[in-house]
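What the coordinates show
Here are the chains, one letter per residue:
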Amino acid sequence: CVPRHCHRPRSMMGARETVAKAMVLECMRQSRTQQRACFLYSFSGPGDCQELELKLNATGLYGLLEFLAGSFHGGTDVDEPFNRALARLNEAEWSNADILLVTDGEIKPPDEALIASLDVAKEEMGLKVHGLLVGDAGNVDVVESICTHVQAFKSWTAVGGKPSQ
């Protein structure tokens, strides 16, 4: 689950965008190495969620290149992509999947029903929801309410951005 757009206009531009796109590439690489499928939910505000299965075929590579050529801006509404991901977990191919949320932390609290559904999936299916915070901490409490594991990306000099404080 990788956001295409984030809450503040242009908040995921530059180094943050580079990190998010690098994570998509790494997820695709790892899925290939582990012989697992990989799915991308690119989203912004309500009603704007696109799905892309990252396969090493013409359709998958075209979609990946289109995603990588795009830019991030807009709002961050995680309800729809998480609901879609949870629905996909009921399919045999995805029943053992993990979710990765890459965000700058500028995120509104998800719907309570979504939190409840995530909690059930974590408990009953062993779902792991990994969060990667890029940029300033943002709304860490919201990210932690969604994710089982949260990491912060702070190595700005590695991608040409400003050093962390």
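Preceding this section is the structure that the text describes.
Now for a description of the structure that goes with this document. Because the structure is a prediction, the values reported are computed rather than measured.

**Notes on the pairing of strand β3 (residues 99-103)**
Across the five residues of β3, five count as buried, placing the element largely inside the fold. Burial of β3 is two-sided: the residues I99, L101 and T103 facing one way and the residues L100 and V102 facing the other way are all buried. Pairing geometry for β3 and strand β4 (residues 129-134), over five bridges, is parallel. Bridge pairing links I99 to V129 in β4. Handedness of the β-α-β unit built from β3, helix α4 (residues 112-125) and β4 comes out right-handed.

**Brief notes about the pairing of β4**
Residues in a regular strand project their side chains so that they alternate between the two faces of the sheet. Counted residue by residue, β4 has five buried out of six residues, so it is predominantly covered. With five bridges connecting them, β4 and strand β5 (residues 149-153) associate as parallel partners. Directly across from H130, in β5, lies its bridge partner H149.

**Overview of the nonpolar core**
Core analysis: the largest hydrophobic core is formed by 24 residues, its most contacted members being F82, L118, L127, V129 and I146. Setting aside residues no more than four positions away along its own chain, I146 makes contact with V78, F82, I107, P110, I115, L118, K122 and V129. Core analysis: the next-biggest nonpolar cluster, separate from the first, contains eight residues, M28, C38, L52 and L54 among them.

**Some details on α4**
Here α4 is 14 residues long and its end C-alpha atoms lie 19 Å apart, about the 20 Å a rise of 1.5 Å per residue gives. Those residues of α4 that sit buried are L114, L118, A121 and K122. The buried residues of α4 occupy an angular sector of 100° when the element is viewed end-on, so they sit on one face. Residues E112, E123 and E124 are exposed on α4 and point more than 90 degrees away from its buried face.

**Observations concerning the pattern of salt bridges**
Taken as a whole and assessed by the stated rule, the structure comprises eight salt bridges. Residues E26 and R29 are paired through a salt bridge, measuring 2.9 Å at the closest nitrogen-oxygen approach. With E26 and R29 both in helix α1 (residues 15-33) and three residues apart, the pair spans about one turn of that helix. Residues E51 and R88 are paired through a salt bridge, measuring 3.6 Å at the closest nitrogen-oxygen approach. Residue E51 is found in strand β2 (residues 49-53), and its partner R88 is found in helix α3 (residues 79-88); the two are separated by 37 residues along the sequence. A relative accessible area of 16% means that R88 is categorised as buried.

**What about the packing of aromatic side chains?**
This structure, assessed with the given rule, holds two aromatic pairs. Measuring from centroid to centroid gives 5.2 Å for F39 and Y41, while their planes differ by 45°, and the two rings are tilted. Note on Y41: relative accessible area 3%, which makes it buried. Taking 5.5 Å as the distance between ring centres and 85° as the angle between the ring planes, the aromatic pair formed by F39 and W94 counts as edge-to-face. With F39 in strand β1 (residues 39-43) and W94 in the loop between α3 and β3, this residue pair connects regions lying 55 residues apart in the sequence. Classification of W94 by relative accessible area gives buried; the value is 7%. Positioned above the aromatic ring of F39 is the side chain of R88, whose terminal nitrogen or guanidinium carbon lies 3.9 Å from the ring centre.

Basis of the calculations
- All chains use their own residue numbering, which begins from 1 and follows the written sequence.
- Residue-level local features of this predicted model are given only where pLDDT is at least 70; pairs of side-chain atoms are given and counted only at 80 or more, and the full residue set underlies all totals for whole chains, interfaces and linings.
- Remark: hydrogens and water are excluded; side-chain values derive from all non-hydrogen atoms of the structure.
- Type-normalised accessible area, obtained with a 1.4 Å probe on protein chains alone, sets the label of each residue: buried when under 20%, exposed when over 50%, and partly exposed for intermediate values.
- Put simply, DSSP H or I for four residues or longer makes a helix, DSSP E for two residues or longer makes a strand, and each gets a number counted from the N terminus.
- Between any two strands, pairing holds if DSSP finds at least two bridges.
- Here the term right-handed applies to a crossover when the path leading from its first strand over the helix to its second strand runs clockwise, the strands being oriented away from the viewer.
- Note on terminology: a nonpolar core comprises buried Ala, Val, Leu, Ile, Met, Phe, Trp, Tyr and Cys residues joined through side-chain atoms within 4.5 Å.
- The criterion used for residue contact is that any of the two residues' heavy atoms lie within 4.5 Å.
- Given a helix with a known number of residues, its expected span is that number minus one, times 1.5 Å.
- The reported arc concerns the directions from the helix axis to the C-beta atoms and nothing else.
- The rule for a salt bridge is simple: a side-chain nitrogen of Lys or Arg has to be within 4 Å of a carboxyl oxygen of Asp or Glu.
- Two aromatic rings, drawn from Phe, Tyr or Trp (for Trp, its six-membered ring), form a pair once their centres lie within 6.5 Å of each other, and the interplanar angle then sorts them: stacked below 30 degrees, edge-to-face above 60, tilted otherwise.
- When the NZ atom of lysine or the CZ atom of arginine is within 6 Å of a ring's centre and also within 35 degrees of its normal, the charge is said to sit over that ring.

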